[in-house]
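Okay, here's what each chain looks like letter by letter:
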Amino acid sequence: MADADYLERIPNNVDLRENRRLLRALEEWQPKFLDWWAEMGPIGFQAKEVYLRTAVSVDKDGWAQFGYVKMPEYRWGIFLAEPEPGRLINFGDHQGQPAWQEVPGEYRGILRRLTVTQGDTEPASVEQQRHLGRTCPSLYDLRNLFQVNVEEGRHLWAMVYLLHAYFGRDGREEAEALLQRRSGDRDKPRILGAFNEKTPDWLSYYMFTYFTDRDGKYQLCALAESGFDPLSRTCRFMLTEEAHHMFVGETGIGRVVQRTCELMREHKTDDVRKVGGIDLRTLQRYLNFHYSVSLDLFGSEVSTNAANFFTGGLKGRFEETKKEDDHILKDATYPVTVLEGDRILAREAPALTALNERLRDDYIADCARGVARWNQVVKQHGIDFELKLPHKGFHRAIGSFADARMSPDARILSEAEWDAKKDEWLPTAEDLAFVQSLMQPVTERGKFASWIAPPARGINSQPIDFEYVRLDSTSEGG
Ligand code: BYC
């Protein structure tokens, strides 16, 4: 195992120096990545010093270092978790065989597709968030946004490394294409639905980092089980960074809930819009939207792709090795929620084809835990309101519920009923305009916008009023 080579042009712990061909290929890709970052990365602030965490090794303690960095100078590197000597394939038809260090020929196509699909989400999210810096609610939040952005950039590097190192010419072409697709572009959109949606305001951003980044966690956990060892090790290290992204989402929404409740109490009103807050019903509508588009990211309830990924040993279940079954699942079943006519039924399906649904169910249970924590805040303020996850069939575009019209509490509706009610359940143009009207930048140290409470603590033990972004570090406009 090579030590982390932090001083190289491309920091890495994969011994790049010893593999001249790969090094050259990645060094050719690097300026294209930087061009993409300049064109599609955060607008403004590129010349400002930001207090960022950079991955410098894969040690559990001390894998990152904090310091002021200008984003284009961030050390995007390639880091894989330490290899586990003697690691085996733990599930599917190849169970018990040594994990693959090279791509098995028979799975080349599927593995490439999985790698590309994962890789595509990373630049997509940076593109979606590129306008947000200008309306930040505080320097603390601005820094967190940029931290997430540069790390998504690093996650793109992680997938591009795999494509270049293991998939030859096809891989190099895919790596180019990852820089050419654009979130929301009609002609060359990003691959998965949620990554073509807009993230127009900071409430959407927190919802995205809570719900959509959490899909990232579950997909990465499933890929970390892969029998293709380089993919597994890459995903394991990405998960260490991913935790912060979900923290930004959970605490972000929690702070909005907190502020809203404070305003409700202080002004004795539910209508906190008048006093510069975001009312709980609007929060619920945003939640409904982001949760439902994130549920789509798990694919159809019944999927032969998912069965093939598993049987081939390429993508496992969440916490595969902790499960006590045969890890082959040929005889097992799993209850899948589907729509038949206008009835919602739980049907036992073959466990192999139900793997998307199973991962989605693990994800739903995790989402519910954060919602319960936000509801605690509401309760502590003595307010009678509960945020809820809608039914998993609500507002879906993929799978059994894709063509259905359904209320959040799972009533099947006619088109006319849906049209009459949908504005109660999903953000309206007016909601978006109102939230947008609150998005006035707050960049004074230690100050926060009216609609969000300060965090409980700062980053890396720094005080809350720390200068997380040095806005006067150059003369470039913000
Ligand atoms: N939108 O059998 P099906 C993250 C396609 S997020 C559009 O139902 P399958 C991050 C599907 O591709 C994690 N298309 O599903 C978060 C297939 O197309 P083809 C990203 C969709 O294949 C925040 C067809 O429908 N990682 O890291 O079992 C910030 C039938 O597919 C969608 C991964 O997703 C959709 N929502 O599973 C930054 C892991 N859903 O083949 C980053 C890698 C399905 O007919 N990807 N389709 O052309 C996978 O494991 C699988 O591709 C999926 C879909 C789970 C996405």
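Preceding block: the structure.
Everything in this summary refers to the structure shown in the same document.

Each value, and the rule that gives it
- Residues numbered from 1 in each chain as written.
- Predicted model: local features only at pLDDT ≥ 70, side-chain atom pairs only at ≥ 80, totals over all residues.
- Heavy atoms only, no water.
- Near = heavy atom within 4 Å.
- Polar contact = N/O pair within 3.5 Å; in protein donor to acceptor, adjacent residues only side chain to side chain.
- Areas by Shrake-Rupley, 256 points an atom, 1.4 Å probe, with all protein chains shown as cover.
- Helix = DSSP H or I, 4+ residues; strand = E, 2+ residues; numbered from the N terminus.
- Nonpolar A, V, L, I, M, F, W, Y, C, P; charged D, E, K, R; others polar.
- Axes fitted to C-alpha atoms, helices over the stretch in contact; angles between N-to-C directions.
- Parallel < 35°, antiparallel > 145°, perpendicular 65-115°, else oblique.
- Contact = heavy atoms within 4.5 Å.
- Pairing = 2+ DSSP bridges.
- Salt bridge = Lys/Arg side-chain N within 4 Å of Asp/Glu carboxyl O.
- Buried < 20%, exposed > 50% of the residue type's maximum accessible area, 1.4 Å probe, protein only.

1. Some details on the site of the ligand
Contacts to the ligand come from 29 residues, most closely from Q118, S300, S303, N305 and K315. Contact distances for the ligand include 3.3 Å between an oxygen atom and a side-chain N or O atom of R113. A total of 1100 Å² of accessible area belongs to the ligand in isolation, and the protein chains cover 81% of it. A per-element tally of the shell around the ligand places helix α2 (residues 108-128) first, with 7 residues. When grouped by side-chain class, the residues that make up the shell around the ligand number 9 nonpolar, 13 polar and 7 charged.

2. Considerations on the packing of helix α3 (residues 139-166) against helix α4 (residues 168-178)
Packed helices, taken two at a time, are described by the angle between their axes plus the distance between the axes. α4 packs onto α3 with a crossing angle of 155 degrees between their chain directions and a minimal axis gap of 6 Å. By the angle between their axes, α3 is roughly antiparallel relative to α4. Across from L156, V160, L163, H164 and Y166 in α3, the residues of α4 making contact are G168, G171, R172, E174, A175 and L178. Of the residues belonging to the contact of α3 with α4, the class tally is 6 nonpolar, 3 polar and 2 charged.

3. Focus on the sheet that holds strand β1 (residues 49-55)
Across the sheet, which stays open at both edges, the 3 strands sit in the order β2-β1-β5 with antiparallel pairing between neighbours. For this open sheet the edge positions go to β2 (64-70) and β5 (469-470), each flanked by a neighbour on one side alone. Across 7 bridges, the pairing between β1 and β2 is antiparallel. Bridge pairing links L52 to G67 in β2.

4. With respect to the pattern of salt bridges
When charged atoms on two side chains of opposite charge get close, those side chains can pair. Within this structure, the stated rule accounts for 40 salt bridges. The partner of R360 in a salt bridge is E357, with the nearest N and O atoms 3.1 Å apart. Taken together, the residues R360 and E357, both in helix α9 (residues 355-380) and 3 residues apart, mark about one turn of the helix. No difference in accessibility class separates R360 from E357, as the two residues are buried. In this structure, K392 and E357 form a salt bridge, with 2.8 Å as the shortest nitrogen-oxygen distance.

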